[in-house]
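Structure assessment
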Amino acid sequence: AAWGRLLQSVGQATAITPDELNPGREVLLQQQNRYYTYSVRRQLEKVTVQRWLGDLPLLATLGYAGASTRIYGLGGDRESGEFFQNTTTLIEIDQPVGFDPGSPAVFSNAVIAGLEFNTLPKERAGHPDEGFRTGARYEGAGRGTGSHYTYGRATVYHHHYLSLFRDYFSSSGRELVLGHRLFAQQTFEDLPFFEDKGLGGVRLRGYPTNQFVDRVQVAGSLELRWTFWPAADPTGPGGLSFGMLAFVDSGRVGPDWRSIDRNDWHHAAGLGFNVIVGNRVAIELVGGRSRFEQFISLSVGHSLNLRD
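So, a few notes on the structure that sits alongside this text. (Residues numbered from 1 in each chain as written. Predicted model: local features only at pLDDT ≥ 70, side-chain atom pairs only at ≥ 80, totals over all residues. Heavy atoms only, no water.)

**Considering the overall build of the protein**
Scanning the protein from terminus to terminus reveals 5 helices and 12 strands. Considering only contacts within the protein whose residues lie at least 6 apart along the sequence, 62% involve residues at least 24 apart. (Helix = DSSP H or I, 4+ residues; strand = E, 2+ residues; numbered from the N terminus. Contact = heavy atoms within 4.5 Å.)

Here you go:
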């Protein structure tokens, strides 16, 4: 009788429930990120030209981004060595724009135009200690650009850097710089899901890339950088300086601007280490944590800088 009860309990513990074989959307929502379990083959080509407008601190950008994408869904496939097929995934249930597994490659080519007011020191634009850059950028795609989709994406941003206690630190060559950034973005029409640029990664450190995606997004960051070991010649090509940083990021997404309020913001904070080459380029190791996970990343260039 005891052996019978034991076998019965083991059988109950290992039994496969109906939800595991055919989970509903709410179950998947708790288990999967927004994009999950699909394969993508993607080719990108981008050409951009930037020009200063005379003697003004205005920087104009014009470019073209070509993208060819093909999606392969994995739901229903049987992996090597597995008895059961892959479960249906959340993306296969939601069927966002652009999710068409097995179809030929599609194009989402776009033109890019931007204008930026930039007062950063040109000799150290990659590692600024003062000045700001404020700009607007627009990407548009449609039949005229050779795209299968018609969409637009508008972005406005502001970066500002302030050197703190300059007189105190200048005698030793050290620096204490406060940087902050603000940006907002909105997408229009039928943007395919693989062109989403959501919050996460360098746009919201502490979360996976594209963790939070919607039509409207806003975010801000504060970062304090301390160069504690300056090079003997910081501006020389081989001059290596070493620094530390602390940051706080916060952001929010929503379907429209009315939904952006004080609630449901996502926050993260962390520390980092910089190797600065010639006061022009930084190699940055950053680690931190958010509500959901810890992270660590290595990048060329400051992670505070917005990337396309």
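**Overview of empty space enclosed by the protein**
Under the criterion given, the structure shown has 1 cavity of 30 Å³ or more. By volume, the largest cavity amounts to about 40 Å³. (1 Å grid on protein atoms, 1.4 Å probe; cavity = no way out; pocket = protein on both sides within 12 Å on 5 of 7 lines; lining within 4 Å. Points joined across faces, edges and corners; volume = space filled by probe spheres on them.)

**A word on the environment of Thr155**
You can see Thr155 is positioned in strand β6 (residues 151–163). When its relative accessible area of 7% is taken as the criterion, Thr155 is described as buried. Spatially, the C-alpha atoms of Thr155 and Gly114 are 9.2 Å apart, while their sequence positions differ by 41 residues. Every residue in contact with Thr155, bar those within four places of it in the chain, is listed here: Gly135, Ala136, Arg137, Ala184 and Gln185. (Buried < 20%, exposed > 50% of the residue type's maximum accessible area, 1.4 Å probe, protein only.)

**Structural notes on a nonpolar patch on the surface**
Together, Trp226, Met244, Phe273, Val281, Ile283, Leu285, Ile296, Leu298 and Val300 give the surface a local cluster of nonpolar side chains, amounting to about 860 Å² of exposed area. Among the secondary structure elements, those contributing two or more residues to the nonpolar patch are β11 (281–290) and β12 (294–300). Along the chain, Phe273 turns up in strand β10 (residues 266–277). (Patch = residues over 30% accessible without salt bridge, like charges linked within 9 Å, V, L, I, M, F, W, Y side chains within 5 Å. Areas by Shrake-Rupley, 256 points an atom, 1.4 Å probe, with all protein chains shown as cover. Salt bridge = Lys/Arg side-chain N within 4 Å of Asp/Glu carboxyl O.)

**Section: the packing of aromatic side chains**
To describe a pair of aromatic rings, one takes the distance between the centres and the angle between the planes. Counting across every chain of the model gives 10 aromatic pairs. For the ring pair Phe193 and Phe194, a centre distance of 5.5 Å and an interplane angle of 70° mean the geometry is edge-to-face. On the basis of relative accessibility, which here comes to 2%, the residue Phe193 falls in the buried class. A relative accessible area of 12% means that Phe194 is categorised as buried. (Phe/Tyr/Trp six-rings, centres within 6.5 Å; stacked < 30°, edge-to-face > 60°.)

**Digging into the pairing of β12**
Bridge count for β11 against β12 is 7 bridges, and the pairing is antiparallel. Directly across from Arg289, in β12, lies its bridge partner Gln294. The hairpin formed by β11 and β12 contains 3 residues between the paired strands. (Pairing = 2+ DSSP bridges.)

**What to know about the pattern of salt bridges**
Pairing between side chains of opposite charge can happen when their charged atoms approach one another. Under the counting rule described, the total for this entry stands at 14 salt bridges. A salt bridge links Arg225 to Glu223, with the shortest nitrogen-to-oxygen separation between them at 2.7 Å. By relative accessible area, which is 1% here, Glu223 ends up buried. Salt-bridge contacts for Asp261 lead to Arg252; the nearest nitrogen and oxygen are separated by 2.9 Å. We classify Arg252 as buried; its relative accessible area is 10%. A single network of salt bridges, built from pairs that share partners, joins Arg124, Asp129, Glu130, Arg166 and Glu175.

**Some points on the side chain of Thr227**
Of note, Thr227 is situated in strand β8 (residues 216–229). On the basis of relative accessible area, Thr227 is assigned to the buried category, the value being 7%.

**Observations regarding the pairing of β11**
Going residue by residue along β11, you find Ala282, Glu284, Val286, Gly288 and Ser290 tucked away on one face and Val281, Ile283, Leu285, Gly287 and Arg289 left uncovered on the opposite face. Where β10 meets β11, 10 bridges bridge the pair, whose relative direction is antiparallel. Counterpart to Ala269 in the pairing with β11 is Arg289. Connecting β10 to the next strand, β11, in antiparallel fashion are 3 residues, including Gly278 with a positive phi near 60°.

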